[in-house]
Amino acid sequence: MIGLISATAAGAVAAQRLASAWPERTRVYEGPVRDAVGRAFGECEQVVCFLATGAVVRLIAPLLADKGTDPGVVCVDEGGRFAVSLVGGHAGGANALAVEVGEVLGAEPVVTTATDAVGVPGLDTLGMPVEGDVAGVSRALLDGENVELDLEIAWPLPALPPNVRRPAPDAPAERGGPAIVVTDRVPAGGRVSGPEETPGAGDARVVLRPPSLVVGVGASRGAPADEVLGLIEGALRDAGLSLRSLAELATVDAKADEPGLVEAAARLGVPLVTHSAEELAAVEVPNPSDAPLAAVGTPSVAEAAALVGGGELLVPKRKSERADGRPAMATCAVVRRPARGRLAVVGLGPGARDLLTPRAKAELRRASVLVGLDQYVDQIRDLLRPGTRILESGLGAEEERARTAVAEARRGQAVALIGSGDAGVYAMASPALAEASDDIDVIGVPGVTAALAAAAILGAPLGHDHVSISLSDLHTPWEVIERRVRAAAEADIVVTFYNPRSRGRDWQLPKALAILAEHREPTTPVGVVRNASRPDGSHRLTTLAALDPATVDMMTVVTVGNTATREIAGRMVTPRGYRWQENPEGAE
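Residues numbered from 1 in each chain as written. Predicted model: local features only at pLDDT ≥ 70, side-chain atom pairs only at ≥ 80, totals over all residues. Heavy atoms only, no water.

A. Structural detail: the sheet that holds strand β16 (residues 330–336). Strand order in the open sheet made by the five strands is β14-β13-β12-β16-β15, with mixed pairing throughout. Looking at the sheet topology across the chains shown, the edges are occupied by β14 (272–275) and β15 (312–319). Strand-to-strand twist across the sheet, computed as the mean angle between neighbouring axes with direction ignored, equals 25°. With four bridges connecting them, strand β12 (residues 213–219) and strand β13 (residues 246–252) associate as parallel partners. Following the sheet pairing, V214 is matched in β13 by E248. The strands touched by helix α7 (residues 225–238) within the sheet are β12, β13, β15 and β16, with β16 carrying the most contacts at an inclination of about 40°. (Pairing = 2+ DSSP bridges. Helix = DSSP H or I, 4+ residues; strand = E, 2+ residues; numbered from the N terminus. Axes fitted to C-alpha atoms, helices over the stretch in contact; angles between N-to-C directions. Contact = heavy atoms within 4.5 Å.)

As structure tokens, this is what we get:
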């Protein structure tokens, strides 16, 4: 929850704008400001104060306890010009919140955290629990010192600065220099349930805990949550594994509602994932048993549930121990799941920076490897973090880019494969996913398509059923394209043509227009948009009979209306065609 606090009428108006934009995320605090700040500080994860920064500093100073638990605080000035991340930039999420507040209020986000200022990822913002000397290692990153990267577990990380280096496998281990260690193991004497002891001065070391461990659990009916938790914590402790790397508990479907398992997962802060008995019975395990076979239909629950996704069995099945000497009611097994590379297929939109989605920006900054067409890379090069490896190529190398992106992900990298518009529409998603198998994680990031960007410029030509058809016969035989154009013409569907005409391919657009003309009037509106949303963009509205195909090129999309499409006040409009058109009073 985000607490909103103001002291003046102008501040109250701005606070209400945020409350209206985020009704489920915000709470407005009324009353004396000092009391409101105190209540919000104790009740909210984040606080936005519409006050001067000096006033807020004095108000929150007595309340500050620990940056790991204090809420993030953002200040917005009286004029709504700036959203200042005051405290809790990373741990409290204030830096990201300042950006969000700025987007809603039109304010400039002010972030002074050193790593953010120079584009270096904060070690406490990588989506993993972090332990150790974060400040010391961050300072070394910023100062250009050599920082050793020790990947005990290969896990996809964002781009790190060039001064972060992974030593050669046969290089002698060096002690004492700053280091980033990615591991799920606990050093001898370290604590499992909380942060390990902070390294001493001169040994700046940060440990990142990837979510690499899956604990399979089995339980008798009525097994207490404390017994389940004690078993899990003991198994990890004895194996020298960190509880902070626990990704999930896994069990059989029949135990999905077992109260002790549900509560244990909730207290550990991980999901309880279930699998069918048939699925678990197919998993080969070292310690099958007749008891679970008779009870739930599989010879193994704990080991099979942990191993169902593959991985290394670190702790074979073990039973809980009860102080009263009664039979154990829970079993568990621990597996380190295989590290999986990450492939984000990112749509960049039609070209305008303000049509690039926040999610796309986040994925670009999360990637350590970027793969894309050279001209698209140039559009977003400034958004990449220092150290991002860029693999760019020219036109006509789509399949090569797809193979490269998948290969990099299979090497355990965090990869962003970019395409214009939406990456799934005439772009890179389909060749990449055709190449990929289930050994990597694939994330699709939607983008604004050229058809949608053009439609917004033209008016509302896509107000009813519509279809997009590429006229390029590079990947599709013309006979297939022509059949699709005829089907759209006969069905009276609005058509947007992609790749309508090039220097070496100039007859397809006239042919497609002639097919449409067999079913539509010569006066049917046609919208022509070139470089939609870009500074050199242009558009015009014409008709099916008047359109000159010679004025169209590959940077253009052509939208042909249906028999109901009209030009209204210079805009291209296709009615929705529902009953409310005949009865405007009943319109939605």
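B. The environment of L126, seen in detail. For L126, the location among the structural elements is in the loop between α5 (114–118) and β7 (130–132). The contact partners of L126, leaving out residues within four places of it in the chain, are P121, P158 and L208.

C. Fine view of the nonpolar core. Counting residues in each nonpolar core, the largest one holds 25 residues, and the members touching the most others are V215, I232, L249, L268 and V334. Counting residues per element, the ones that place at least two in this core are β12, α7, β13, α8 (259–268) and β16. Considering each element in turn, this core owes the most residues, six residues, to α7. Residue contacts for V334: discarding those within four places in its chain leaves L213, V214, V215, A235, L236, L241, E312, L313, L314 and V315. (Core = buried A, V, L, I, M, F, W, Y, C linked by side-chain atoms within 4.5 Å. Buried < 20%, exposed > 50% of the residue type's maximum accessible area, 1.4 Å probe, protein only.)

D. Inspection of the side chain of K255 at higher detail. Mapped onto the elements of the fold, K255 is located in the loop between β13 and α8. For K255, which is buried and forms no salt bridge, the nearest opposite charge comes from E258, at a distance of 4.1 Å. (Lys, Arg positive; Asp, Glu negative; His and termini not counted. Salt bridge = Lys/Arg side-chain N within 4 Å of Asp/Glu carboxyl O.)

E. Just the packing of aromatic side chains, in detail. If you walk through the whole model with that rule in mind, you get two aromatic pairs. Ring geometry for Y426 against Y498: centres 4.7 Å apart, planes inclined by 55°, an arrangement best described as tilted. Separated by 72 residues along the polypeptide, Y426 in the loop between β20 (414–419) and α15 (429–435) and Y498 in strand β24 (residues 494–498) bring together distant segments of the chain. Between W478 and W507, the aromatic rings sit 5.0 Å apart at their centres with planes inclined by 70°, giving edge-to-face as the arrangement. Taken together, the positions of W478 in helix α17 (residues 478–490) and W507 in the loop between β24 and α18 (508–517) put the pair 29 residues apart, joining distant regions of the chain. (Phe/Tyr/Trp six-rings, centres within 6.5 Å; stacked < 30°, edge-to-face > 60°.)

F. Broad picture of the sheet that holds strand β19 (residues 389–393). One open sheet accounts for five strands, arranged β19-β18-β20-β17-β21; its pairing is parallel. Where the open sheet ends on each side, the last strands, each with one partner, are β19 and β21 (441–445). Direction aside, neighbouring strands of the sheet carry axes that sit 15° apart on average. Across five bridges, strand β17 (residues 342–347) lies against β21 in parallel orientation. Its bridge partner being in β21, V346 is matched across the sheet by V445. Packing of helix α12 (residues 358–366) onto the sheet brings it into contact with β17, β18 (369–373), β20 and β21, and relative to β17 it is tilted by some 140°. Running at roughly 175° to β18, helix α14 (residues 398–410) makes contact with β17, β18, β19 and β20 of the sheet.

G. Expanded view of the pairing of strand β8 (residues 147–151). Along β8, the buried face is formed by V147, L149 and L151; none of E148 and D150, which line the opposite face, is buried. One ladder, built from two bridges, connects β8 with strand β9 (residues 164–165); its direction is parallel. Residue pairing across strands places V147 opposite V164, the latter belonging to β9. As defined by bridge partners, β8 adjoins strand β10 (residues 179–182) across four bridges and the pair is classed as parallel. Among the inter-strand pairings, L151 is bridged to a residue of β10, identified as V182.

H. View of the packing of helix α1 (residues 9–21) against helix α4 (residues 94–105). Two elements in contact, α1 and α4, have axes whose closest approach is 10 Å; the angle formed by their N-to-C orientations is 100°. Judged on the interaxial angle alone, α4 and α1 are roughly perpendicular. Between α1, through A14, R17, L18 and A21, and α4, the contact on the second element is made entirely by V101, V104 and L105. Broken down by class, the residue content of the contact of α1 with α4 amounts to six nonpolar, no polar and one charged. (Parallel < 35°, antiparallel > 145°, perpendicular 65-115°, else oblique. Nonpolar A, V, L, I, M, F, W, Y, C, P; charged D, E, K, R; others polar.)

I. A look at unusual backbone geometry. One non-glycine residue, D492, lies in the positive phi region at around 60°. You can see D492 is positioned in the loop between α17 and β24. Here S533, not a glycine, exhibits a phi torsion of approximately 80°, which is positive. Position of S533 among the secondary structure elements: in the loop between β25 (525–530) and β26 (538–543). Overall, S533 belongs to the partly exposed group, its relative accessible area being 28%.

J. A look at the environment of E312. Its location among the elements puts E312 in strand β15. Between the C-alpha atoms of E312 and R336, which are 24 residues apart in sequence, the distance is 5.2 Å.

K. Local environment of helix α16 (residues 450–458). Burial in α16 covers these residues: A451, A453, A454, A455 and L458. At the C-terminal side of α16, G459 shows a positive phi close to 140°.

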